[in-house]
Amino acid sequence: MDFTSPPLSLKDNGFSMAPTDPFDSSEDEMERLEEELKKWKKRLEAAEKAKADLLLCKSNAMEENVKAEDGLIKLKNLQEKQHKEAVMSRDTHEQELYVLNQENAVLKRDTEKLEEDLAECSLMLSQYSQINKEVAEMKLKFAHMEDTKDNYQDMNTQCVFGVTTKIPFRLDQNQVLLTFEDKEVAQRLIKIGKHTVNLDNKTADLRVMPFTLEMGIKFKLHVTISGKKISVSEVPELLIPGDWMRDKLELNFYKSERGGGEVENVNYDKQSRTAVITFLRPGATNSFVRCTEYPFVVNGTWYRLPVSPDTNVKLENFQLYCGISKKTILLEGIKEMEDDEESVQDMIKIHFQKPNNNGGEIEKIKYASKGVTWVCFEEDT
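Each value, and the rule that gives it
- Residues numbered from 1 in each chain as written.
- Predicted model: local features only at pLDDT ≥ 70, side-chain atom pairs only at ≥ 80, totals over all residues.
- Heavy atoms only, no water.
- Helix = DSSP H or I, 4+ residues; strand = E, 2+ residues; numbered from the N terminus.
- Buried < 20%, exposed > 50% of the residue type's maximum accessible area, 1.4 Å probe, protein only.
- Contact = heavy atoms within 4.5 Å.
- Areas by Shrake-Rupley, 256 points an atom, 1.4 Å probe, with all protein chains shown as cover.
- Pairing = 2+ DSSP bridges.
- Axes fitted to C-alpha atoms, helices over the stretch in contact; angles between N-to-C directions.
- 1 Å grid on protein atoms, 1.4 Å probe; cavity = no way out; pocket = protein on both sides within 12 Å on 5 of 7 lines; lining within 4 Å.
- Points joined across faces, edges and corners; volume = space filled by probe spheres on them.
- Nonpolar A, V, L, I, M, F, W, Y, C, P; charged D, E, K, R; others polar.
- Core = buried A, V, L, I, M, F, W, Y, C linked by side-chain atoms within 4.5 Å.
- Phe/Tyr/Trp six-rings, centres within 6.5 Å; stacked < 30°, edge-to-face > 60°.
- Lys NZ or Arg CZ within 6 Å of the ring centre and 35° of its normal.

Please give an account of the overall build of the protein chain that cites residues and values.
Per the secondary structure count, the protein chain includes four helices and 13 strands. A total of 381 residues make up the protein chain; the buried ones form 21% of that total. In the protein chain, once contacts between residues fewer than 6 apart in sequence are set aside, the share between residues at least 24 apart is 76%. Approximately 29,200 Å² of the protein chain is accessible, and the part contributed by carbon and sulfur atoms is 53%.

Before we move on, could you go through the sheet that holds strand β5 (residues 202–209) and cite the residues and values that matter?
Taken in spatial order, the five strands of this open sheet run β4-β5-β11-β3-β12, and their pairing is antiparallel. Both outer strands of the open sheet, β4 (194–199) and β12 (362–367), are each paired with one neighbouring strand and no more. Mean inter-strand twist for the sheet, computed between neighbouring axes without regard to direction, equals 30 degrees. Bridging between β4 and β5 involves six bridges; their strand directions are antiparallel. Bridge pairing in β5 places His195 opposite Leu206.

Tell me about unusual backbone geometry, residues and numbers included.
At Glu234, a residue that is not glycine, the phi angle is positive and equals roughly 55 degrees. For Asn358, which is not a glycine, the phi torsion comes out positive at approximately 65 degrees. Positionally, Asn358 belongs in the loop between α4 (341–353) and β12. A residue is classified by how much of its surface remains accessible, and Asn358, at 32% relative accessible area, is partly exposed.

Tell me about the pairing of strand β8 (residues 274–279), and name the residues and values.
Pairing of strand β6 (residues 215–232) with β8, which is carried by four bridges, proceeds in the antiparallel orientation. Across the sheet, residue Ile230 finds its bridge partner in β8, namely Ile277. The pairing of strand β7 (residues 263–269) with β8 spans six bridges and is classified as antiparallel. Looking at β8, one finds that Asp269 is bridged to Thr274.

A description of the layout of surface pockets should follow, citing residues and the corresponding values.
In this structure, the largest pocket spans a volume of roughly 770 Å³. If you trace the largest pocket, you find 24 residues lining it, with Ser325, Thr328, Phe377, Glu378 and Asp380 closest to the centre. When contributions to the lining of the largest pocket are tallied by element, the ones reaching two or more residues are β3 (175–180), β10 (301–322), β12 and β13 (373–377). A total of four residues in the lining of the largest pocket trace back to one element, the largest contributor, which is β12. For the lining of the largest pocket, a count of residues per class yields ten nonpolar, four polar and ten charged.

Provide a residue-level description of the nonpolar core, including the pertinent values.
One finds Val232, Met245, Leu249, Phe253, Ile277 and Phe279 to be the most contacted residues of the largest nonpolar core, which totals 21 residues. Those elements that provide at least two residues to this core are β6, α3 (242–253), β7, β8, β9 (293–298) and β10. If near-sequence neighbours (up to four positions away) are discounted, Met245 is found in contact with Val235, Pro236, Leu238, Ile240, Tyr268 and Phe296. Core analysis: the next-biggest nonpolar cluster, separate from the first, contains 20 residues, Leu178, Ala186, Leu189 and Val197 among them.

Account for the packing of aromatic side chains, naming residues and giving values.
Inspection of the entire model under this criterion finds three aromatic pairs. Seen from their ring centres, Phe296 and Tyr303 are 6.5 Å apart, and the 40 degrees between their planes marks the pair as tilted. Taking NZ or CZ as reference, Arg43 lies 4.8 Å from the ring centre of Trp40, over its face.

Structure, rendered in C-alpha cells:
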C-alpha cells in the first residue's frame, strides 16, 4: 500500500453514503433494543423457570434418592434379620432334632427293656402257673383271729429263716477227709488208729488224726414283708423342694392302672435318693412282687425306678456253737504218687468201703494231692 499518495474519496471507490437523520435512527434503535430487551426478559424468565423446575426436579430426585437409600438400608437390615432368623431357626431345628433323636433312642431302649421285662414277666407267670400245678395240697385248720384295721385283713407276709453258717476247714497236701453214712464206722476207724491201704500195688500206712472245727454261728431271721409299703430307690436328683418331689411320687404311684393305688404317706429321703410309699389299702403291694422297676414321669422326662416290697428284719436266737463231726475222719501219711488225684481218691474209697477193712458206705471223700484245699462243714440235719 502506498501511504504517500493522497486519499481517494469513497465515491471514487464505488461507495456512496446517503446522509441519515440521527434522531430517526435513535428511535428505531431504541424500539429495536426494547424489543430485544423484552425478548431477553422472556428468555430470562423462561430460563429462571427452567432453572426453578430443574432445582425442583433435583430436590425431588434427592428426596427420592434418600428414600431409595433408606429403603435399601431397611431392605438390607431385613435381609440380615431374616438370615439371622433362618440361621437361628436352623440351629433350633437341628437342636430339636438332636433332642428328638436322643429321646427316640432312650424310648427305643426303654421299649426294648419293657419287652424284656414283659418276656420275663410272661416267663415268671408261666413258671408260677406251672408251680401252682405242681404244688401239693396241704390240709389247713383254723388257728386264731387276726386284728383288722378299717375292715382290712392283714396282708403282710411273715417268714422265719433258720441260718447256720458253714465252718471252713483247712485240708493240707496229701491229707484225706472221709465222711461215712454211719457214725459208728467212723468212730471204729478212729479207735483202730492206723490203716494199711493198697495204693496201686504199693502199701501206705495211713493214720487217723484228730481234728477240731472252728466255732459256728446260728440265728433266726424273722422277716416281715409289708402288704402296704414299697421301697423306691434311685429317685432322680432334681432342683425342686422335697415337698414337691413327695407330691410327684404320690401322684405317680397313685395311678392304679400301673399297679399303684391310693397313697397314705410318702417318706422321701433326698440324701439317699430313696422313698417309702405307704398305700391306704393292704395288699396294694402285691402288684409289685413281679415288678422290679416302675415308670416315673417328671417334667416330661421318663425314669425307671427300682421298687421292692418294704421288709422288716428281726434277728433272734443268735448263738455260737462248737462243730463236731462224728461221721468224718482225717487221714494222713500218703506219699507223693504219680497217679492223678481222682484215681488215688477212688482207691482209698474202695478200701474203706469194704466191711473186712472195718469200713462202710461213704458219703463224701476229698483228697488234696496238690497244695492246700479248703472244705466246709455244715449242720447235719
